[in-house]
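For reference, the chains in residue letters:
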Amino acid sequence: SFGTEGTDGPGNSTFGIVILIISLLCDALVPNIQKRIMTDGLSAAALMVNTNAVGFSVLLLVMTLSGMLTATVTAAIERPELLIYLFSVGICLGMAVLAYTRLIQSSGPVIAVATATLRKVVTVLLSYVLFPKPLLPIHAFSGLLILAGVFLSTFLNKR
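What counts, and at which threshold
Residues numbered from 1 in each chain as written. Predicted model: local features only at pLDDT ≥ 70, side-chain atom pairs only at ≥ 80, totals over all residues. Heavy atoms only, no water. Patch = residues over 30% accessible without salt bridge, like charges linked within 9 Å, V, L, I, M, F, W, Y side chains within 5 Å. Areas by Shrake-Rupley, 256 points an atom, 1.4 Å probe, with all protein chains shown as cover. Salt bridge = Lys/Arg side-chain N within 4 Å of Asp/Glu carboxyl O. Helix = DSSP H or I, 4+ residues; strand = E, 2+ residues; numbered from the N terminus. Buried < 20%, exposed > 50% of the residue type's maximum accessible area, 1.4 Å probe, protein only. 1 Å grid on protein atoms, 1.4 Å probe; cavity = no way out; pocket = protein on both sides within 12 Å on 5 of 7 lines; lining within 4 Å. Points joined across faces, edges and corners; volume = space filled by probe spheres on them. Nonpolar A, V, L, I, M, F, W, Y, C, P; charged D, E, K, R; others polar.

As a further point, take a nonpolar patch on the surface. A cluster of nonpolar side chains, Val-122, Leu-126, Val-129, Leu-130 and Phe-131, forms an exposed patch at the surface whose accessible area comes to about 530 Å². Topologically, Val-129 is positioned in helix H5 (residues 109–130). A relative accessible area of 63% means that Val-129 is categorised as exposed.

This paragraph deals with the layout of surface pockets. Taking a probe equal in size to a water molecule and rolling it over the atoms shows the remaining empty space. Size it by volume and the second largest pocket reaches roughly 1100 Å³. Taken together, 36 residues make up the lining of the second largest pocket; nearest its centre are Asn-52, Gly-90, Leu-93, Ala-96 and Val-97. Within the residue set of the lining of the second largest pocket, elements represented by two or more residues are helix H1 (10–39), helix H2 (44–66), helix H3 (68–78), helix H4 (81–107) and H5. Looking at which element gives the most residues to the lining of the second largest pocket, the answer is H4, with twelve residues. Per-class residue counts for the lining of the second largest pocket are 24 nonpolar, nine polar and three charged.

Let us look at the pattern of salt bridges. When the charged atoms of two side chains with opposite charge come close together, those side chains can pair. A full pass over the atoms with the stated rule returns one salt bridge. Note that Arg-79 and Glu-81 form a salt bridge whose closest N and O atoms lie 3.0 Å from each other. Residue classification places Arg-79 among the partly exposed positions, given a relative accessible area of 44%. Under the relative-accessibility criterion, Glu-81 is labelled partly exposed at 31%.

And the structure:
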C-alpha cells in the first residue's frame, strides 16, 4: 500500500493506480479536444456551458437512477445553507473552468496542463503545511516525478 495509512489492503492501491491512470489519460485528451473544438470557432464560454450541461445531465440521470436525488433534495430542504454552499462552490468552479478553458485557448493544451499540474502540486504542499501529517519518502519521490514530468514536457515542447 506504498506506506499509506488507513487502507484496507493492496486492492485499494491497485484501484487507486487504475483511477490515476484513467485521470492522466483524460488530462492528456481533454485539453487537446477542447483546443480543437475552439479552433473550429466555439468560444471558451460556450464550450464551458456545453460541457457542464452534459455533465449536469449525466449527474442528474445517475442521481435519479440511484435514488440519491431524493435524499439530496431532502437534505437541502432540511438544511437550506447547503444550497448557499453549493451555489458558492458552483460559482468558484465555474470561474476556474472558464479560466482554464481560456488558458487552453490562448496558450495551448500543454501549457494549460502544466499549469494545472503545478497548481495541484502547490495545493498538496500547502495541505502538508496547513494540516501537518507525516511526509513519507514515497510522497516526496512522487512529487519529484510530477515536477520532472512537467519540466520535461515543457522542455520538449519548446524544441
